[in-house]
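Here is how the chains run, residue by residue.
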Amino acid sequence: MSESLHTVTTMPVQRQPGCPFDPPAELIEARRHGPISHYTFPGGKPGWLITGYDLTKSVLADSRFSSRKELLLHPTIDYSGFETPPAAPGEFLLMDEPQHGRYRKPLAGKLTARRMRLLTERIEQITSDHLDAMEKAGPPADLVTAFARPIPATMICELLGVPYEDRGRFQHHVESFLNGETSDEEQIAAVTATYDYLTELVAAKRANPTDDVISDLTGTDLTDEELRGMALVLLAAGFDTTANMLALGTFALLRNPEQLAALRADPALTDQAVEELLRYLSVAKTFMRTALEDVELGGRTIEAGQVVIASYHTANRDPEHFADPHTLDIRRQSAGHLAFGHGTHLCLGAQLARVEMRVAFPALINRFPTLRLAVPAEEVALRPETADIYGVKSLPVAWDV
Ligand code: HEM
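About the cut-offs
Residues numbered from 1 in each chain as written. Predicted model: local features only at pLDDT ≥ 70, side-chain atom pairs only at ≥ 80, totals over all residues. Heavy atoms only, no water. Phe/Tyr/Trp six-rings, centres within 6.5 Å; stacked < 30°, edge-to-face > 60°. Helix = DSSP H or I, 4+ residues; strand = E, 2+ residues; numbered from the N terminus. Buried < 20%, exposed > 50% of the residue type's maximum accessible area, 1.4 Å probe, protein only. Lys NZ or Arg CZ within 6 Å of the ring centre and 35° of its normal. Axes fitted to C-alpha atoms, helices over the stretch in contact; angles between N-to-C directions. Parallel < 35°, antiparallel > 145°, perpendicular 65-115°, else oblique. Left-handed = near helix turned anticlockwise from the far one by under 90°. Contact = heavy atoms within 4.5 Å. Nonpolar A, V, L, I, M, F, W, Y, C, P; charged D, E, K, R; others polar.

Draft legend 1. Fine view of the packing of aromatic side chains. As enumerated under the stated definition, the model contains 7 aromatic pairs in all. With centroids separated by 5.9 Å and ring planes inclined at 90°, the aromatic side chains of tyrosine 53 and phenylalanine 322 adopt a geometry described as edge-to-face. Separated by 269 residues along the polypeptide, tyrosine 53 in helix α2 (residues 53-60) and phenylalanine 322 in the loop between α15 (312-315) and α16 (350-367) bring together distant segments of the chain. Centre to centre, the rings of phenylalanine 368 and tryptophan 399 are 4.3 Å apart; their planes meet at 35°, and the pair counts as tilted. You can see phenylalanine 368 sitting in the loop between α16 and β10 (372-373) and its partner tryptophan 399 sitting in the segment after β11 (396-398), a full 31 residues away along the chain. On the accessibility criterion, phenylalanine 368 (2% relative accessible area) is buried. One aromatic cluster in this structure is built from Phe21, Phe251 and Tyr280. Positioned above the aromatic ring of tyrosine 390, the side-chain terminus of arginine 15 is 3.4 Å from the ring centre. It is arginine 279 that lies over the ring of phenylalanine 322; its NZ or CZ is 5.2 Å from the centre.

Set out below in structure tokens:
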């Protein structure tokens, strides 16, 4: 191992005060030293931290790096002595081929860009209903509960065929296991309740299919247990991510008024603005892979069994790939960003998330031309880095009436 290799000793748990949109300073510093650093996992196992754009992409495109749950390590908690079980049937985010493909393929056909565009009208309706309710209640509002969460939550419920009357119950359980704020016991209770709910849902769809993804899949050879696992992945991956993009994205626009004004003035910038917000914020900030054999990467040897943490956020701020990367610039070409990952696990819901954001951001900023933060920016409560998905806990906003 070369002397000059940079070492990160602990994964940061906070961002720099005053920099809510930037990766933690330690990760930006690591990228300055090079695209790969050494990292020691809690419990002492040696591993790696990848912060460069090109290296991140090559890890994600390389089948010698595995996503299997039982091979991964926790980046901040010492679980040595505990054996991680493999992913449950259907939980394909944490599987490799061929199991991963068994679940991903039938779903991919259901979430195409064309199908998601067909949902645009529905998303417009849901967005406008929530804006009406916000307007009626008057300022101030918490943008997270009034707008950012209900839009993706409703879309996921419609996709999975969750009946309208079950939404409250279902959303409550899912929020409690995703928000990173609850105790271990509460988390376990919320996951169990979600599992129980999904078990009932799959059985109901098999008995009485409706027009939704789960009902469609009951016509394949997938078992109920597998369908429940797939539904859980869609939920966990598809709800919190978009919700946090909408809330944190609004916060970022409000902190960059010239960008907000440009977007308001020119709706043709919307698609580019969404891609730039995805790059700049990268709310799904880090993922891990484990080397299945010795792999040469960036002049280093990743030994079989070693785990790499890929910081998608820092890779999306790599100055060798994006000029002036720490500036939010909605006119730049951000195509190729890694906010949705890359390779076999590339986000399956990217088209849905894009349509939701392309509808929701312009609708919000046009409905409230005087939208502003209702508290000083430094008082906006942020999620800790230990949460899987980054974002704001709440976003108090106000407007002129
Ligand atoms: C802005 C919102 C979103 C972001 C930033 C995001 C980000 C990501 C990322 C980075 C991955 C790759 C994980 C890896 O490399 O291991 C991923 C995978 C995935 N996402 Fe998303 N996602 C978003 C929205 C959605 C939505 C709306 C859905 C569902 C409707 C969804 C479903 C999935 C699924 C099923 C996977 C697993 C794909 C696989 O393992 O083959 N995502 N997402």
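Resuming the write-up.
Draft legend 2. Here's a closer look at unusual backbone geometry. The omega angle of the peptide bond from glutamate 97 to proline 98 is 0°, so this bond is cis rather than trans. Mapped onto the elements of the fold, proline 98 is located in the loop between β4 (65-66) and α3 (99-108). A positive phi is found at serine 282, a non-glycine position, where the angle reads about 35°. Positionally, serine 282 belongs in the loop between α14 (270-281) and β6 (286-291). The exposure class of serine 282 is buried, given its relative accessible area of 1%. A positive phi angle, close to 50°, is found at aspartate 324, a residue other than glycine. Relative to the helices and strands, aspartate 324 resides in the loop between α15 and α16.

Draft legend 3. The packing of α3 against helix α11 (residues 224-238), seen in detail. Their axes nearest at 11 Å, the elements α3 and α11 cross at an angle of 65°. Considering their axes alone, α3 and α11 lie roughly perpendicular with respect to each other. The hand of the α3/α11 crossing is right-handed. Listed contacts from α11 to Arg102, Tyr103 and Leu107 of α3 are Glu226, Met230 and Leu234. Grouping the amino acids of the contact of α3 with α11 by side-chain chemistry returns 4 nonpolar, no polar and 2 charged.

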